[in-house]
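# Per-entry structural report
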Amino acid sequence: MKSSNCFLLAIAFCLLSAVPTIYANEIALMEDDLGRSINISSPSERVVFTMENALKTYYAVGDPENVVALKDDKWMRRLTEDVFPVVDPNFEDKIIINITGDQLNLESLAKVDPDLVVLWASSPDDPNIRAINDTLKVPVFAIYVNSLDDVYRQVDTMGIISGDTDRASEVKEIMEGYVKLTTNVTDQIQESDKPRVFWMWTDIYGTAGVDSGINDLIDMAGGSNVMKLAEEEAQDLEHPVINQETLIKLNPDVIYMWYNEDLDPEDIINGEDFLGLRDINAVKNRRVYEISNPYLFDAFSPRMPLALLHVARDLHPDKFQDVDMNQTIDQYNVDIWGVHYPSMAKA
């Protein structure tokens, strides 16, 4: 009788000890990218994402079932062409948070009863943060990426939000390994052999300052941000806007365009609207390139290593001529999301 009771108690203890690892949620105190302290459940089980960068990271780490809604805009719609519907079969059904301009619709947000909202914001006074906190009383995690270190930190963040810190560590190791495909080469390039690069955002004369994630990308890719030669006031801005006269004076060796629906590199080289740039080195030597796929080569997401390699190959084609870019892209997407690219077949 005594041994029977001990046996039953042992079974009960084993069952009880197993429950917390499966069902229990911990409350985690986190600091978001704006330095705001927020309490979240880890794992969070009803998360709303309103930006694709962070969503890429979460889908590399966490359970898609815990994503309950996405922002309804053209960027999210275009994501249906990417790996997202393969990773999350319910992806398209989750695009239900309405938006007008930059303002999220609180009614559509309230209907999904989130326990966490992840959004992009550059200030703690962002109106969406204030509206969600004041009206819905739901914790908001603000994402703001201005360095490549922030990209790695975002992986750690999604590890806590998803409750899977082991997978987050694995994703970071994968990313760091692919980054070395580029930096093992570019770290050997002499400063005198690095082309001066002007990064061209979609506002044409808006560019990447010295204190920015794109500056990091250019450096790691074996280039030198031409804004290092600009006036100090412009250097210190994350997104300085210069004029044509200043660009001519800086005379970059390379112009690198972010994805632009209205312009192609050929427009910069031969277009009537850019006749004033004909004498700068980048145009004379036809060294104008573009990030043609903003999803595949998104430097502020887990695909940063692919963006880095893409830029490095344009800056130093002779040093990366043996790299099979298509094979690298495919294997990277398999390693991070378990999906072949561009076939979108599950690995």
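The structure reproduced in this document is the subject of the present report. Keep in mind that this is a model prediction, so the values were computed, not measured.

## Some remarks on the packing of aromatic side chains
Applying the stated rule across the entire model yields 10 aromatic pairs. Look at Phe49 and Tyr58: their rings are 5.3 Å apart centre to centre, the planes differ by 50°, and that puts the pair in the tilted class. For Phe49, a relative accessible area of 0% puts it in the buried group. Residue Tyr58 is classed as buried on the basis of its relative accessible area of 0%. Joined through ring pairs, the aromatic side chains of Trp199, Trp201, Tyr256, Trp258 and Tyr289 make up one cluster.

## Looking at the nonpolar core
The biggest cluster of nonpolar side chains holds 75 residues, and the ones touching the most others in it are Phe49, Val118 and Trp199. Among the elements that make up this core, the one with the highest residue count is helix α14 (residues 304-315) (8 residues). In contact with Val118, other than residues within four places in its own chain, are Val47, Val48, Phe49, Thr50, Met51, Ala54, Phe141, Ile143, Met158 and Ile161. Counting residues in hydrophobic clusters, the runner-up holds 22 residues, among them Ile204, Leu263, Leu277 and Ile280.

## Structural notes on the side chain of Glu290
Along the chain, Glu290 falls in strand β13 (residues 288-290). At 10 Å, Arg78 is the nearest oppositely charged side chain to Glu290, a buried residue that forms no salt bridge. The contacts of Glu290, once residues within four sequence positions are left out, are Tyr256, Met257, Trp258, Tyr259, Asn260, Leu263, Asp264, Pro265 and His310.

## Quick word on the sheet that holds strand β3 (residues 47-49)
Reading across from one edge, β5-β4-β3-β8-β9 is the order of the 5 strands in this open sheet, with parallel pairing throughout. Across the chains shown, the open sheet's two edge strands, defined by having one partner strand only, are β5 (95-97) and β9 (140-143). Strand-to-strand, the axes of this sheet are offset by a mean angle of 35°, without reference to chain direction. In terms of strand pairing, β3 meets strand β4 (residues 67-71) through 3 bridges, oriented parallel. Counterpart to Val48 in the pairing with β4 is Ala69. Along the sheet, helix α2 (residues 52-61) makes contact with β3, β4, β8 (116-120) and β9, crossing β4 at roughly 155°.

Parameters at a glance
Residues numbered from 1 in each chain as written. Predicted model: local features only at pLDDT ≥ 70, side-chain atom pairs only at ≥ 80, totals over all residues. Heavy atoms only, no water. Phe/Tyr/Trp six-rings, centres within 6.5 Å; stacked < 30°, edge-to-face > 60°. Buried < 20%, exposed > 50% of the residue type's maximum accessible area, 1.4 Å probe, protein only. Core = buried A, V, L, I, M, F, W, Y, C linked by side-chain atoms within 4.5 Å. Helix = DSSP H or I, 4+ residues; strand = E, 2+ residues; numbered from the N terminus. Contact = heavy atoms within 4.5 Å. Lys, Arg positive; Asp, Glu negative; His and termini not counted. Salt bridge = Lys/Arg side-chain N within 4 Å of Asp/Glu carboxyl O. Pairing = 2+ DSSP bridges. Axes fitted to C-alpha atoms, helices over the stretch in contact; angles between N-to-C directions.

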